[in-house]
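Commentary on secondary and tertiary structure
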Amino acid sequence: MKRLLKTSYGKAALTFIISLILLLFLRNPYYIGILIFLGINIIITTGLSLLMGYAGQISLGQAAFYGIGAYTTGILTTKLNLPIILSFPMCLFLTVLIAFIVGIPTLRLRGHYLAMATLGLGEIVHIVFNELIPLTGGPSGFGNIPLITIFGMELDNDYKYYVFVWAIVSLILFLSLNIINSRIGRALKAIHKEQTTAATLGINTARVKLYIFVLGAGYAGIAGFLYAHYITFLSPGSFGLGFSVLLVTMVAVGGMENIWGAFIGTTVLTILPEYLRFFHDFDILIYGVILMAIMMLRPEGLYGIKIPFKRVTSDG
Amino acid sequence: MNLGVQLLQYTLSGITVGSIYAMVAIGFNIIYNSTGIINFAQGEFVMLGGMTAVYLYKTLHLPLFVSGLGAVFIVMCIGILFERFAIQILKDSSVITLIIVTIAASILFKGGAMFIWGKDAYVLPSFSGDEPFHMFGATILPQTLWILGFLFLIVAALTGFFKFTIVGKAMKACAFNRRAARIVGINVNRMVMLSFALSALIGGIAGVIVTPITLAHYDRGALLGLKGFGTAIFGGLGNMGGAVAAGIIVGLLEAYSAGLISSGYKDAVALIILLAVLFFRPGGIFAKKEEQALKTF
């Protein structure tokens with residue numbers, strides 16, 4: 001049993017089982033809604049943590065890829081009446097393509113260039129969502145996005161959608177854990193430690209980083225797809241710079257060095273606002289304080305923090 | 001209004017906005033030169049400058065001149081505090097941690113501004129009235145001349161500072177090689193603090209002088225910072241003259257596209273330039289070919 005949990009499929013399966021057990025205890029649809037969002041956020045931050053923790057790069061445009069995924073499937077299924085089975089590969093293709101175009105030049109550069117390029121891309125995408133009114137409905141958005149039907153069953157309530165989202169979360173975790181333990185994962189760790197040494201060892205550093213960046217964008221596209229068919233209504237407000245920064249905050253607060261850090265950080269920062277309702281708009285100030293405090297006091301993040309009565313093991 | 005006059009009008013407004021971008025870009029350059037950090041909170045300094053000036057003027061009823069000066073001073077102090085209590089402590093951390101800290105600071109500044117001043121936009125009166133000048137049929141607001149004057153003043157003062165004062169030369173030495181600077185007895189820590197102070201100061205000035213034209217709003221910093229960064233990259237990161245030229249070019253392109261194509265996509269222009277320069281000439285448009293080949297980015 002213990003050995004099974006050390007494998008990536010063991011961990012992914014355990015995540016799925018725990019999420020199902022949680023569902024048995026949660027009878028309040030409001031909480032289920034929050035956990036669906038949690039799953040969607042975790043899909044994005046898992047990709048972002050691979051990029052930040054393993055490739056040592058930062059993307060401030062994940063919300064743009066999320067938005068591109070959501071708008072692509074939204075527009076294709078409502079305006080062109082395309083079936084979801086076709087819109088899904090299209091939204092994956094488009095996010096990956098755009099990430100590829102942005103990633104190739106900037107990942108050859110060192111340092112902060114990817115951060116700024118993705119930030120710029122995020123703003124451009126946001127402007128396009130606002131201005132391309134015939135397709136996107138502009139600032140007021142558009143609705144009536146169809147629900148997902150899988151094996152003849154329409155995912156028409158939160159319970160079904162919850163299971164669907166968390167199944168995908170588990171798949172993403174499985175895939176990501178495997179990537180970390182693969183040749184590419186080891187190459188990433190080498191790059192993160194010392195880029196020059198990694199290059200000397202024959203690792204094509206730009207290509208490996210590009211690979212992870214594109215993968216993370218693809219994850220965000222999938223998350224956008226899930227968001228669109230859950231909310232069934234899209235407007236630009238959900239895909240702005242604020243959300244990109246929040247995603248980076250989630251990863252940094254949880255711990256960049258580990259996928260489960262992103263999992264923890266996302267959980268904390270998705271659930272926390274529900275308890276901060278009385279702060280209204282000032283939650284952004286709280287995020288800033290939390291992020292600053294974590295960076296100053298514990299730059300490695302919450303993951304692996306030693307709780308006195310319960311030891312947390314620290315293997316990835 | 002015929003097309004010629006219209007073009008002149010766009011040119012004037014482009015130069016005005018471009019001057020502000022140039023100031024933000026100079027702020028980026030100063031911190032980048034002495035630390036290698038891109039300060040994501042740079043745009044927030046501009047926002048804070050405007051907001052603080054409005055507060056001093058409207059709430060404390062100080063004279064406009066004193067409010068402006070006070071606001072610039074306060075923003076400079078914020079820059080110093082930020083450096084002392086965050087950057088200084090983390091100076092040996094990885095680049096990614098330092099980026100995240102400046103992002104955290106920008107969230108804090110923005111959140112703090114919203115907390116204190118709410119979500120309204122505020123305006124300051126122009127420094128010398130709103131009576132416009134007329135030139136070949138185009139109108140020039142007096143504030144435009146103030147902005148251009150300040151840009152000229154900042155560039156002249158910085159050039160003098162880096163060329164003729166011992167502290168300025170010491171900062172330049174840090175930019176070239178921090179370790180070597182330390183060996184010849186330069187207090188690198190102090191120079192880093194000074195660079196944050198200078199950069200916040202310039203941001204504060206930009207914020208105060210632009211508020212009579214574009215209003216101050218808590219949410220203004222991020223986009224301004226991003227455009228300022230695009231400008232800095234365009235002119236060559238760390239190159240002050242380049243920043244000024246690039247600022248004016250970006251401002252002009254933005255004004256022309258807003259006037260002649262569509263105002264909705266105006267903000268995208270600077271960002272598309274940013275991406276294009278990053279892709280094709282990461283050393284900036286003024287970098288020589290050999291320089292471009294030697295530098296690692």
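Refer to the structure presented above.
Read on for a plain summary of the structure. (Residues numbered from 1 in each chain as written. Chains lettered and ligands numbered in written order. Predicted model: local features only at pLDDT ≥ 70, side-chain atom pairs only at ≥ 80, totals over all residues.)

1. A closer look at the overall build of chain A
- Per the secondary structure count, chain A includes 14 helices and two strands.
- Its C-alpha radius of gyration of 19 Å places chain A within 12% of the 20 Å reference for a compact globule of 316 residues.
- Dimensions of chain A, computed from C-alpha atoms along their principal axes, come out at roughly 50 × 45 × 40 Å.
- Counting only contacts in chain A whose residues sit at least 6 apart along the sequence, the fraction spanning at least 24 positions is 77%. (Helix = DSSP H or I, 4+ residues; strand = E, 2+ residues; numbered from the N terminus. Rg over C-alpha atoms; globule rule 2.2 N^0.38 Å. Contact = placed C-beta atoms within 7 Å.)

2. Observations regarding the environment of S238 of chain A
- Structurally, S238 of chain A can be placed in the loop between α11 (205-231) and α12 (241-254).
- Residues S238 of chain A and Y66 of chain A, 172 residues apart in the sequence, show an inter-C-alpha distance of 9.4 Å.

3. Let's talk about helix α9 (residues 221-235) of chain B
- The end-to-end C-alpha separation of α9 of chain B is 21 Å, in line with the 21 Å expected for 15 residues at 1.5 Å each.
- The first or second residue beyond α9 of chain B is G236 of chain B, which carries a positive phi of 95 degrees. (Expected span 1.5 Å × (residues − 1).)

4. Digging into helix α1 (residues 3-35) of chain B
- The terminal C-alpha atoms of α1 of chain B, which comprises 33 residues, lie 47 Å apart, in line with the 48 Å expected from a rise of 1.5 Å per residue.
- Count one or two residues on from α1 of chain B and you reach G36 of chain B, which has phi positive near 80 degrees.

5. Focus: the packing of helix α5 (residues 142-164) of chain B against helix α6 (residues 166-176) of chain B
Residue and element names in this part refer to chain B.
- α6 packs onto α5 with a crossing angle of 85 degrees between their chain directions and a minimal axis gap of 5 Å. When the axis of α5 is compared with that of α6, the two are roughly perpendicular. Residues F161, F162 and K163 of α5 form the contact with α6, whose own contacting residues are G168, M171 and K172.
- Taken together, the residues that form the contact of α5 with α6 break down as three nonpolar, one polar and two charged. (Axes fitted to C-alpha atoms, helices over the stretch in contact; angles between N-to-C directions. Parallel < 35°, antiparallel > 145°, perpendicular 65-115°, else oblique. Nonpolar A, V, L, I, M, F, W, Y, C, P; charged D, E, K, R; others polar.)

Treat this as a map of the structure, not an account of what it does.
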